[in-house]
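Here are the chains, one letter per residue:
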Amino acid sequence: MRIAPATDADVDALAALLIETVASNGSVGFMHPLSLQDARAFWIQALASAVRGERVVLGAWDDAGQLVGTGSVVLAMAPSQPHRAELTKVMTARAARGTGVGAGMIGALEQAAREHGKVLLTLDAAVIDGATAFYRRLGYSTVGDIPGYAYKPLGGLGATRLFWKSLDAQVPRAARDTSEDALWMQRAMDLAERAVAEDDEIPVGAIVVSPQGEVLGEGWNRNIAESDPSAHAEIVAMRRAGVALANHRLVGCTLYVTLEPCAMCAMAAVHARLARVVYGAADPKTGAAGSVFDLLADPRHNHRVEVTGGVLAGEAGSRLSAYFREKRARQR
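Definitions and cut-offs
Residues numbered from 1 in each chain as written. Predicted model: local features only at pLDDT ≥ 70, side-chain atom pairs only at ≥ 80, totals over all residues. Heavy atoms only, no water. Helix = DSSP H or I, 4+ residues; strand = E, 2+ residues; numbered from the N terminus. Rg over C-alpha atoms; globule rule 2.2 N^0.38 Å. Contact = heavy atoms within 4.5 Å. Areas by Shrake-Rupley, 256 points an atom, 1.4 Å probe, with all protein chains shown as cover. Lys, Arg positive; Asp, Glu negative; His and termini not counted. Charge placed at Lys NZ, Arg CZ, Asp CG, Glu CD. Buried < 20%, exposed > 50% of the residue type's maximum accessible area, 1.4 Å probe, protein only. Pairing = 2+ DSSP bridges. Phe/Tyr/Trp six-rings, centres within 6.5 Å; stacked < 30°, edge-to-face > 60°. Lys NZ or Arg CZ within 6 Å of the ring centre and 35° of its normal. Axes fitted to C-alpha atoms, helices over the stretch in contact; angles between N-to-C directions. pLDDT = per-residue confidence, 0-100. Expected span 1.5 Å × (residues − 1). Arc of directions from axis to C-beta.

Visitor: Help me out: how do you make sense of the overall build of the protein in this one?
Guide: The helix and strand tally for the protein stands at 8 helices and 12 strands. On C-alpha atoms alone, the protein measures out to a radius of gyration of 21 Å, which is about the 20 Å that the 2.2 N^0.38 rule sets for 332 residues. On the principal axes, the C-alpha backbone points of the protein span a range of 60 × 50 × 35 Å. By sequence separation, contacts in the protein at least 24 residues apart represent 61% of the contacts at least 6 residues apart. Working note: accessible area of the protein is about 15,900 Å², and carbon and sulfur atoms make up 54% of it. Each charge class in the protein was averaged separately, 34 positive and 36 negative side chains, and the resulting centres sit 4 Å apart.

Here it is as structure tokens:
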């Protein structure tokens, strides 16, 4: 996944995403049906505002170059509030939900706000299942609800919940180089194939890469082969990386894994002080990097791990599906 500022060339894709969100009853200030003309007009105006420095408009693109998410941070505030910015129009394409796009977008918007000298973020969101838990996992506090605040796109008044977050006074991070993420993920998928070929285990592969681009540890699922319930691909790779460094901390390293980590592996990544976790396919049942739990970014930890999801997700997911399909066929 790539997150970057949107441009005029993205107007049609942004308009399509806005129309899809409104049609799904997403409360983003518009009513259904939303015409393409009105959706395009909104984004043309928003992007012009970004050129004037009044806001930042970001887009998220998958490996195929498809827009899968967007979000904006409004920078222009009243003269008495130069320290504050407002998050708005945060949307994820229906097909990309549960892949970490939303959390990644919020993180990028927060970073943009910091770079413009903002220390306080506010937002409002419809009171619906999941929204409050999502923002609280990312460190936002609730102020309260305003009943009957706005009409929902498909009709009926709905309440709105107000959130705020104080941005920690950290030095803004340099832009992360993600140009080689797909290459490392492909290598992790090669390891996943070894899980099937050598051990007949679920095809999950993982690799730990140092900040200098050196491979420190590799692994694939070995639960059955080693009679070890903890021998997930991530754990195997981190163990080998720790041995290579003679250190239980993997500071600055990146873990690439073909399937979104479970709670056990996510917490191991936190304890190891990894800088990043990059995963392929999302796990809608037990994923702990944003799909079901969001342990890597939980603000209650004293270390948080940056997450990038959906890298070569289609290929990774297809391999998993094929494995389980073949296994069921053999058991008949």
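Visitor: Would you explain the pairing of strand β4 (residues 84-92) in this entry?
Guide: Here is the key point about a regular strand: its side chains alternate between the two faces of the sheet. Buried residues dominate β4, accounting for 7 of its 9 residues. Bridging between strand β3 (residues 67-74) and β4 involves 5 bridges; their strand directions are antiparallel. By the bridge assignment, V73 is partnered in β4 with L87. As judged from the 3 bridges shared by β4 and strand β5 (residues 120-126), these two strands associate in the parallel manner. Paired with R84 across the two strands is L120, which belongs to β5.

Visitor: Can you walk me through the packing of aromatic side chains in this structure?
Guide: Aromatic ring pairs are reported here in terms of the distance separating the ring centres and the angle at which the planes meet. A full pass over the atoms with the stated rule returns 7 aromatic pairs. On the basis of an interplanar angle of 80 degrees and a centroid distance of 5.4 Å, the ring pair of F30 and F42 is categorised as edge-to-face. With F30 in the loop between α1 (11-23) and α2 (36-51) and F42 in helix α2, this pair connects stretches of sequence that are 12 residues apart. When the ring of F42 is compared with that of W43, the centres are 4.9 Å apart and the planes differ by 70 degrees; the resulting orientation is edge-to-face. Judged by relative accessible area, F42 falls into the buried class, the value being 17%. In textbook terms, an aromatic cluster arises when at least three aromatic residues are bridged by ring pairs, as seen for F134, Y135, Y140 and F163. When the ring centre of W61 is taken as origin, the NZ or CZ atom of R2, which lies over that ring, is 4.5 Å away.

Visitor: What's the story with the sheet that holds strand β8 (residues 205-209) in this structure? I'm lost.
Guide: Pairing between sheet strands relies on hydrogen bonds along the backbone, with the strands arranged either parallel or antiparallel. Pairing is mixed in the open sheet, where 5 strands are placed in the order β9-β8-β10-β11-β12. Single-partner strands in this sheet number two, and they are β9 (215-220) and β12 (306-308). Going from strand to strand, the sheet's axes swing by 15 degrees on average, the running direction of each strand aside. When strand β10 (residues 254-259) meets strand β11 (residues 276-281), the two strands line up parallel, connected through 5 bridges. By the bridge assignment, L259 is partnered in β11 with A281. Contacts between helix α6 (residues 233-245) and the sheet are confined to β8, β9 and β10, with β9 contributing the most and set at about 150 degrees to the helix.

Visitor: Help me understand the confidence of the model for the protein in this model?
Guide: Interpretation of this model should avoid reading the predicted coordinates in detail wherever pLDDT is low. In this model, the protein carries a mean pLDDT of 91, and residues with pLDDT of at least 70 account for 96%. Taken as a whole, residues 169-174 scores under 50 in pLDDT and shows 6 contacts with residues more than four places along the chain or in a different chain.

Visitor: Looking at this structure, I do not really get the sheet that holds strand β6 (residues 141-151). What am I missing?
Guide: The sheet built from 7 strands is open, its strands ordered β1-β2-β3-β4-β5-β7-β6 with mixed pairing. Lying at the two open borders of the sheet, with one neighbouring strand each, are β1 (2-5) and β6. Across the sheet, the axes of successive neighbouring strands diverge by a mean angle of 25 degrees, strand direction being ignored. Along the sheet, α1 contacts β3 and β4; its crossing angle with β3, the most-contacted strand, is approximately 90 degrees. Its contacts with the sheet place α2 against β2 (55-61), β3 and β4, and it is angled at close to 120 degrees to β2.

Visitor: Please clarify how helix α8 (residues 313-331) should be interpreted in this entry.
Guide: The α-helix winds at 3.6 residues per turn, so residues separated by three or four positions along the chain end up facing the same way. The terminal C-alpha atoms of α8, which comprises 19 residues, lie 27 Å apart, in line with the 27 Å expected from a rise of 1.5 Å per residue. Here α8 has its buried residues at A316, G317, L320 and Y323. Summarising the axial view, the buried residues of α8 lie within an arc of 120 degrees, below the 170-degree limit, and thus occupy one face.

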